[in-house]
Amino acid sequence: MTAQGPSSPTLEVRDLKTHFFTKAGVAKAVDGVSFTVGRGEVMGLVGESGSGKSVTGFSIIGLVDPPGRVVGGEVLFQGKNLVGLDPAAMRKLRGNRIAMIFQDPMMTLNPVLRVDTQMVETIHAHHPDMPMADALARARDALGEVGIPSPDERLKSYPHQFSGGMRQRVAIAIALLNKPDLIIADEPTTALDVTIQGQILYQAQKLCRETGTSLIWITHDLAVIAGLADHICVMYGGRVVEQGPIDDVLDHPVHPYTRGLLGSVPGHNKRGSKLYQIPGMAPSLLHMPEGCAFSPRCPRADAACAVAPMIAEPVPDRQVRCQHPHLEEAEGAGA
Amino acid sequence: MSETMLEVRNLTKNFVKSLDLAERLAQKLGSNIREEVVHAVDDVSMAVPKGSVVGLVGESGCGKSTLGRMVAGILTPTAGEVVYKGKPTGAMSPAERKQATLQIQMIFQDPFASLNPRMRVKDIIGEAPVLHGMVAAADADDYVSETMRRVGLDPDYRRRYPHQFSGGQRQRIGIARALAVKPEFLVCDEAIAALDVSIQAQVINLFMDLRAELDLTYLFISHDLSVVEHISDRVVIMYLGRVVETAATEELFHAPNHPYTQALLNEVPRLDARGRDYKPVEGEIPSPLDPPPGCHFHPRCPHATERCRVEVPKLREIVPGRTSACHLNDGT
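Worth saying up front: this structure is predicted, and the values here are computed from it rather than measured. (Residues numbered from 1 in each chain as written. Chains lettered and ligands numbered in written order. Predicted model: local features only at pLDDT ≥ 70, side-chain atom pairs only at ≥ 80, totals over all residues.)

## Focus: the overall build of chain B
Defined as follows: Secondary structure counts use DSSP, requiring at least four H or I residues in a row for a helix and at least two E residues in a row for a strand, with both numbered from the N terminus. Each radius of gyration reported is based on C-alpha atoms, and the globular scaling rule is 2.2 Å times the count of residues to the power 0.38. Exposure in this text rests on C-beta crowding, where 20 or more other C-beta atoms within 10 Å of a residue's own make it buried, 12 or fewer make it exposed, and counts in between make it partly exposed. The C-beta atoms are placed from the backbone.
Across its full length, chain B carries 11 helices and 12 strands. Relative to its length of 332 residues, chain B is compact, with a C-alpha radius of gyration of 22 Å against a globular reference of 20 Å. Based on the C-alpha atoms only, the size of chain B along its principal axes is roughly 65 × 60 × 40 Å. Expressed as a percentage of the 332 residues in chain B, the buried residues total 43%.

## Description of the overall build of chain A
Within chain A one finds 11 helices and 12 strands. Against the 2.2 N^0.38 benchmark of 20 Å for 335 residues, chain A shows a C-alpha radius of gyration of 21 Å, consistent with a compact globule. Reported as C-alpha extents along the three principal axes, the dimensions of chain A are approximately 65 × 50 × 45 Å. For chain A, buried positions account for 50% of its 335 residues.

## Re the sheet that holds strand β3 (residues 42-46) of chain A
Think of a sheet as strands paired side by side through backbone hydrogen bonds, with each pair either parallel or antiparallel. Residues and elements named next belong to chain A. Rule in force here: At least two DSSP bridges between two strands are required for those strands to pair. Residue pairs are scored as contacts if the distance between their C-beta atoms, which are placed from the backbone, is within 7 Å. Here an angle of 0 to 180 degrees is reported between the N-to-C directions of two axes, which are lines fitted to C-alpha atoms, with helices fitted over the stretch in contact.
Pairing within the open sheet is mixed, and its eight strands lie in the order β6-β7-β8-β3-β9-β10-β12-β11. Of all strands in the sheet, those with a lone pairing partner are β6 (98-101) and β11 (311-312), marking the two edges. Direction of pairing for β6 relative to strand β7 (residues 182-186): parallel, over a ladder of four bridges. The residue bridging Ile101 from the neighbouring strand is Ala185, located in β7. Each of β6 and β7 touches helix α6 (residues 164-176); the most contacted strand, β6, lies at about 175° to it.

## Brief notes about the interface of chain B and chain A
This is how it is decided: In the scheme used here, Gly and all other residues not listed as nonpolar or charged are polar, with Ala, Val, Leu, Ile, Met, Phe, Trp, Tyr, Cys and Pro taken as nonpolar and Asp, Glu, Lys and Arg as charged.
Contacts between chain B and chain A engage 32 residues on the former and 39 residues on the latter. Counting only elements with at least two residues in the side of chain B that touches chain A, the list comes to α7 (197-214), α8 (225-231) and α10 (259-267) of chain B. Here the side of chain B that touches chain A gets seven residues from one element, more than from any other, and that element is α7(B). In terms of residue class, the side of chain B that touches chain A is made up of 15 nonpolar, nine polar and eight charged.

## Remarks on the packing of helix α4 (residues 121-131) of chain B against helix α6 (residues 167-179) of chain B
Residues and elements named next belong to chain B. Operational definition: Should an angle fall under 35 degrees it is called roughly parallel, over 145 degrees roughly antiparallel, and 65 to 115 degrees roughly perpendicular, with every other angle called oblique. Each crossing is labelled by how the near helix is turned from the far one, with a counterclockwise turn of less than a right angle marking it left-handed and a clockwise turn marking it right-handed.
The interhelical angle for the contact between α4 and α6, taken along N-to-C directions, is 25°, at an axis separation of 7 Å. Judged on the interaxial angle alone, α6 and α4 are roughly parallel. Between α4 and α6 the crossing geometry is right-handed. Residues Val121, Ile124 and Ile125 of α4 form the contact with α6, whose own contacting residues are Ile173, Ala176 and Arg177. The class makeup of the residues in the contact of α4 with α6 is five nonpolar, no polar and one charged.

## Quick look at the pairing of strand β6 (residues 104-107) of chain B
Residues and elements named next belong to chain B. Of the two faces of β6, the one carrying Ile104 and Met106 and the one carrying Gln105 and Ile107 are both buried. Pairing geometry for β6 and strand β7 (residues 185-189), over four bridges, is parallel. In the sheet register, Ile104 faces β7, and the bridge partner there is Phe185.

## Examining the nonpolar core
Counted only if it meets this: Nonpolar cores are identified as sets of buried Ala, Val, Leu, Ile, Met, Phe, Trp, Tyr and Cys residues joined via C-beta atoms within 7 Å.
Ranked by size, the top nonpolar core spans 174 residues in total, and within it Trp217(A), Val71(B) and Phe220(B) carry the most contacts. Among the elements that line this core, the one with the most residues is α6(A), at eight residues. Look past the residues within four positions of Phe220(B) in its chain and what remains in contact with it is Val53(B), Val54(B), Gly55(B), Leu56(B), Cys188(B), Val228(B), Ile231(B) and Ser232(B).

## Regarding the sheet that holds strand β3 (residues 53-57) of chain B
All names here are of chain B. If you trace the eight strands from one edge of the open sheet to the other, you get β6-β7-β8-β3-β9-β10-β12-β11, paired in mixed fashion. Only two strands of the sheet have a single neighbouring strand rather than two, namely β6 and β11 (316-319). Each adjacent strand pair in this sheet contributes to an overall mean axis angle of 25°, direction not counted. Where β3 and strand β9 (residues 234-239) come together, four bridges link them in parallel fashion. The partner of Leu56 across the bridge, within β9, is Val236. Against the sheet, α6 touches β6 and β7, its axis set at about 170° to β6.

## Here's the deal with unusual backbone geometry
The residue after Pro66(A), namely Pro67(A), is reached through a cis peptide bond having omega 10°. Here Pro67(A) shows up in the loop between α1 (53-61) and β4 (68-77). Of note in this structure, Glu190(B) is not a glycine but carries a positive phi near 50°. Along the chain, the position of Glu190(B) falls in the loop between β7 and α7. When the 19 C-beta atoms within 10 Å are taken as the criterion, Glu190(B) is described as partly exposed.

## Details of helix α2 (residues 64-71) of chain B
All names here are of chain B. The buried count for α2 comes to eight of eight residues, which makes it a mostly enclosed element. Considered for burial, the residues of α2 that qualify are Lys64, Ser65, Thr66, Leu67, Gly68, Arg69, Met70 and Val71. A positive phi of about 85° marks Gly73, the residue just after α2.

## Side note on the confidence of the model for chain A
We count it as follows: As a per-residue measure, pLDDT reflects the predictor's confidence and takes values from 0 up to 100.
Residues of chain A with pLDDT of at least 70 account for 96%, and the chain-wide mean is 86. Confidence drops under a pLDDT of 50 for residues 1-6 of chain A, and excluding neighbours within four residues, the segment shows two contacts in the predicted structure.

Shown next as structure tokens:
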């Protein structure tokens, strides 16, 4: 386990396992994920579809629906284990101390209620005694904070009257209402245009710097993470295969999958050159390869990979799950 | 510069939402209901040299897909013309036109929606070449196998249905379908946007291989600047129906001229830009129903002057091979 710093982290996930018990078999969507997020820190959770990154987010906030179930591990939020917490206590945290932002803001917003109604509802759910005027004032301030022009008038609008980017801002404003300590953002900018994405990233960054809110930013886009995150976790097949400080991981990747992923990003390569192709396809969660899930696609795989690799820490603050990591890279980073 | 494969001249496409009976009556009675006109593409001219890849970039609603569809012949332009190999498609004889339409093929964004779920892969790929008499029905099977092999699909799967394939494989089926009629020009409309990073790389590589093997010309439509930078020779930037800048890829990424291009390049997340301070462009993309007067970008532009609010800037050559539509260039 990672060492406890002088100030305890906002969130510590230890060996989290979330499995889906389907008719076709058990899908191990999250299978032993561990990481920590410090106060005011941005953690980037990166992976391709089916890597378990979203399910990790849902597991933390207790939103895994049957047939899925958290079957093991701990989620320590400010030292308190959220796994197995009774639903009432979880409800008190959710939307209050921990908030979530989804890819599609219409998942968060009720289309038939005005924005002010929804925002006041969120405040009253956790502060039932707050006078209406105060709640409205806080809602207005939250809209202002995320850069919505003329928040007083916009409070009276319905969600469909906002554009996509503005809707996402409203969703973020709602997440901010109760000044949470942790926000989990699941692909919040994937559906947005580049210039609008820039605006949202700007707000997210400002928020973490100014309020000390911790942020878990789930995405498939390495470039977004590069600009925003302090730490990065790369997920593959339900496991974190590599994690560490953003610069170290992106400049000196140790795991073959991370290296392959970075090699296949166009911006990272010379123009017109051939992109590195990770051979094969991501495995189905129902039929995970034995041992290391990446081994069938890995150029370094051999007989040793039939055994699932343990988490190793080749240099402090870097973790990797691989039998044959590119350690020379890690040493380069440490130097 | 080598010969021009395809050129569009003053191409315009308006979508009109016409009034229904009740609205027409209301209009007669004096209400101010009017027809809504979306100027999806507004007087666009551009050229694609033979054998090159031209990247068409813009945000949602800028008209890049509409332009691509007009080039591919799926939509009819409201005004202007598409010139293929030196001949306007409007002036072609029916036979020439059919030939041109066959040679320009399109690859779509959504590999789930663009394949008929009830057709087997061999029919999806093999139907068009047989119909157009390029391949005898008896040889279709071999031809399909060969085409599938070319895009990296196992021909053993040719009797399967699209739902039995993954997203990346389905995109390959779409590419195979386009290639089956031996096109010379491919319009790729966000063809890799729906794919995972590692699959994206495979498809980008496939496009580059095919270009070399079959001497293809591409119009590559995308909102993803890093992909466009990687694959294109020239880049065309669109904003709200108009072209704002065109340039060779290196020049454009090295020194963007138009303020919108500059803003766009600034916003692009990059792997080597760590812990950056985001300084976003202000404002929303205006609705194409009611675009701002003058330069479309002026409400968001940091350099906007009085002139920009009134006068539409012309797309003009600023250095040879490079055009930009901005009043600021007149000062120098």
